[in-house]
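Chain by chain, the residues:
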Amino acid sequence: MNTALDRGLSVLEYLARHPHGLPLSLIATELDIPLSACHRVLGDLQRRGYVRQIRKQGDYVLTTKVVSLGLGFLSSAGIVEIAEPLLERLAETSGELIRLSIVDDDRLTWVAKSQGRRHAGLRYDPDMGMDARLSCTGSGHAWLMMLPDERALELVSRQGFGTPAEYGPNAPTTINALLSYLQSARARGYAMIDEVFAPGMSAIAAPVLRRGEAIGVISIAGPRLRLTQQRMEELGPALLAAAAELGPVSLASSLFNRPALGKG
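The rules behind the values
Residues numbered from 1 in each chain as written. Predicted model: local features only at pLDDT ≥ 70, side-chain atom pairs only at ≥ 80, totals over all residues. Heavy atoms only, no water. 1 Å grid on protein atoms, 1.4 Å probe; cavity = no way out; pocket = protein on both sides within 12 Å on 5 of 7 lines; lining within 4 Å. Points joined across faces, edges and corners; volume = space filled by probe spheres on them. Helix = DSSP H or I, 4+ residues; strand = E, 2+ residues; numbered from the N terminus. Nonpolar A, V, L, I, M, F, W, Y, C, P; charged D, E, K, R; others polar. Pairing = 2+ DSSP bridges. Axes fitted to C-alpha atoms, helices over the stretch in contact; angles between N-to-C directions. Expected span 1.5 Å × (residues − 1). Buried < 20%, exposed > 50% of the residue type's maximum accessible area, 1.4 Å probe, protein only. Arc of directions from axis to C-beta. Contact = heavy atoms within 4.5 Å. pLDDT = per-residue confidence, 0-100. Phe/Tyr/Trp six-rings, centres within 6.5 Å; stacked < 30°, edge-to-face > 60°. Lys NZ or Arg CZ within 6 Å of the ring centre and 35° of its normal. Core = buried A, V, L, I, M, F, W, Y, C linked by side-chain atoms within 4.5 Å.

Trainee: What's the story with the layout of surface pockets in this structure? I'm lost.
Mentor: If a probe as big as a water molecule is rolled over the atoms, it shows which places are left empty. The volume enclosed by the second largest pocket comes to roughly 180 Å³. Together, Ala 4, Leu 5, Arg 7, Gly 8, Leu 9, Leu 12, Ala 37, Arg 40, Val 41, Asp 44 and Leu 45 line the second largest pocket. Those elements that place two or more of their residues in the lining of the second largest pocket are α1 (4-16) and α3 (35-47). For the lining of the second largest pocket, a count of residues per class yields seven nonpolar, one polar and three charged.

Trainee: Before we go on, may I ask you to explain the sheet that holds strand β7 (residues 213-223) in this structure?
Mentor: Each strand in a sheet pairs with its neighbour through backbone hydrogen bonds, running either in the same direction (parallel) or in the opposite one (antiparallel). Read across the open sheet, the five strands follow the order β4-β3-β7-β6-β5; overall the sheet is antiparallel. The open sheet terminates on both sides in strands that have one partner only, identified here as β4 (107-115) and β5 (191-194). Sheet twist, expressed as the average angle between the axes of neighbouring strands with direction ignored, equals 20°. The pairing of strand β3 (residues 97-104) with β7 spans six bridges and is classified as antiparallel. Within the sheet, the bridge partner assigned to Ile 102 lies in β7 and is Gly 216.

Trainee: What is the right way to read helix α8 (residues 175-188) from this model?
Mentor: Residue pairs spaced three or four apart in an α-helix point in one direction, given the helix's 3.6 residues per turn. Between its first and last C-alpha, α8 extends 20 Å over 14 residues, near the 20 Å set by a 1.5 Å rise per residue. Those residues of α8 not exposed but buried are Leu 178, Leu 179, Leu 182 and Ala 185. Taken down its axis, α8 places every buried residue within 120° of arc, on the same side. In α8, the exposed positions angled more than 90 degrees off the buried face are occupied by Asn 176 and Ala 187. The inward-facing, buried residues of α8 contact α6 (138-144), α7 (149-159) and β5. Once α8 ends, the next one or two residues include Gly 189, with phi positive near 100°.

Trainee: I tried to follow the confidence of the model for the protein chain on my own but got confused; where do I start?
Mentor: Any residue range with low pLDDT should be treated as having predicted coordinates unsuitable for detailed reading. Scored by pLDDT, the protein chain has a mean of 84; 82% of the residues are at 70 or more. Confidence, expressed as mean pLDDT per element, reaches its minimum in the protein chain at helix α4 (residues 65-77) with 61 and its maximum at β5 with 98. Here residues 119-126 is a poorly scored stretch, pLDDT under 50, and it has 20 contacts once near neighbours within four places are set aside; other chains count. For residues 258-264, every residue scores under 50 in pLDDT, and the model assigns this stretch 18 contacts once sequence neighbours within four places are set aside.

Trainee: Can you help me understand the pairing of β7 in this one?
Mentor: In summary, the side chains of a regular strand alternate between the two faces of the sheet. For β7, a buried count of 10 out of 11 residues is recorded, marking the element as mostly surrounded by other parts of the structure. Bridge analysis of strand β6 (residues 201-210) against β7 gives 10 bridges, and the strand direction is antiparallel. Following the sheet pairing, Val 208 is matched in β7 by Gly 216. Hairpin remark: β6 followed by β7, antiparallel, with two residues in the connecting loop; positive phi at Arg 211, about 55°.

Trainee: Would you mind showing me how to read the packing of aromatic side chains here?
Mentor: Aromatic rings in a pair are described by how distant their centres are and how their planes are angled relative to each other. Inspection of every chain in the model, using the stated rule, returns one aromatic pair. Judged by centre distance (6.2 Å) and plane angle (75°), the ring pair of Trp 110 and Phe 197 falls under edge-to-face. Residue Trp 110 is found in strand β4, and its partner Phe 197 is found in the loop between β5 and β6; the two are separated by 87 residues along the sequence. Judged by relative accessible area, which is 24%, Phe 197 ranks as partly exposed. Sitting over the face of the ring of Trp 110, Arg 99 holds its NZ or CZ atom 3.8 Å from the ring centroid. Sitting over the ring of Tyr 190, Arg 188 keeps its end group 5.8 Å from the ring centre.

Trainee: Can you walk me through unusual backbone geometry in this structure?
Mentor: With the exception of glycine, the majority of residues adopt a negative phi angle, and the majority of peptide bonds are in the trans configuration. Positioned with a positive phi, Asp 32 is a non-glycine residue whose angle comes to about 55°. The topology assignment puts Asp 32 in the loop between α2 (24-31) and α3. Of note in this structure, Arg 211 is not a glycine but carries a positive phi near 55°. Of note, Arg 211 is situated in the loop between β6 and β7. Assessed through its relative accessible area of 68%, Arg 211 is described here as exposed.

Trainee: Please explain the nonpolar core as it appears in this structure.
Mentor: Across soluble globular proteins, nonpolar side chains show a tendency to be buried alongside one another. If you look at the biggest cluster of nonpolar residues, it comprises 25 residues, and the most contacted ones within it are Leu 100, Ile 204, Ile 218, Ile 220 and Leu 239. When contributions to this core are tallied by element, the ones reaching two or more residues are α5 (79-94), β3, β4, β6, β7 and α9 (229-249). The element best represented in this core is α9, accounting for six residues. When sequence neighbours within four positions are dropped, the list of residues in contact with Leu 239 reads Leu 90, Tyr 190, Ile 204, Ala 205, Ala 206, Ile 218, Ser 219 and Ile 220. Counting 21 residues, the second largest nonpolar core, distinct from the first, contains Leu 134, Trp 143, Ala 191 and Ala 205.

Written out as structure tokens, the structure reads:
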């Protein structure tokens, strides 16, 4: 990590994983940046409006400028507008949280959602803009099921399985366990998880395909008290229909109409 650009991007990515902020010394230590150089990077980011200091503690946190860049890109690309009616329809049908994620090289990022049962007591509503952990999310499994095992394991190895605090009690934590999930998903046509991403939660997810390759994923997620295995199987056809409908439509989107993604 030698250039100022590398250091600046590393600081942004690291702070994105710590929304409550971090002190200068810890950032410098964790990223192996000299303290003075790290201070300069943070100062530059602060002047450009990407970082601010929490004056009481002196910690550095990200501002919403990074988020606004991403949302602005998605808006100009048109994907949210294209997907919105499909997501809303699926949310109404299922009564649960519907999420759209997009594939970008070796990442799968949640970019849009529609929430059913808005007045229900139980709600499952994670933040958008996060990268899905591939090994323990329905969205991750739905993408990986479309890849050769070697490529799927390469992506998971790069990202890691995470720690027990980051997944549910049924999450696969070995290669063989993950491959078993992927084989079942391929046979079924969509991914299905139960207490894999988080305790008490379940989800199903299907890939959005363009010319046979996954360019995104649509998922249905909610409390397993409502989203039982039987209910997930009942919703499977509607999920697959929405994914199939979005695939051809997405060819008109500049975000999706790019060279094929997800290959090594």
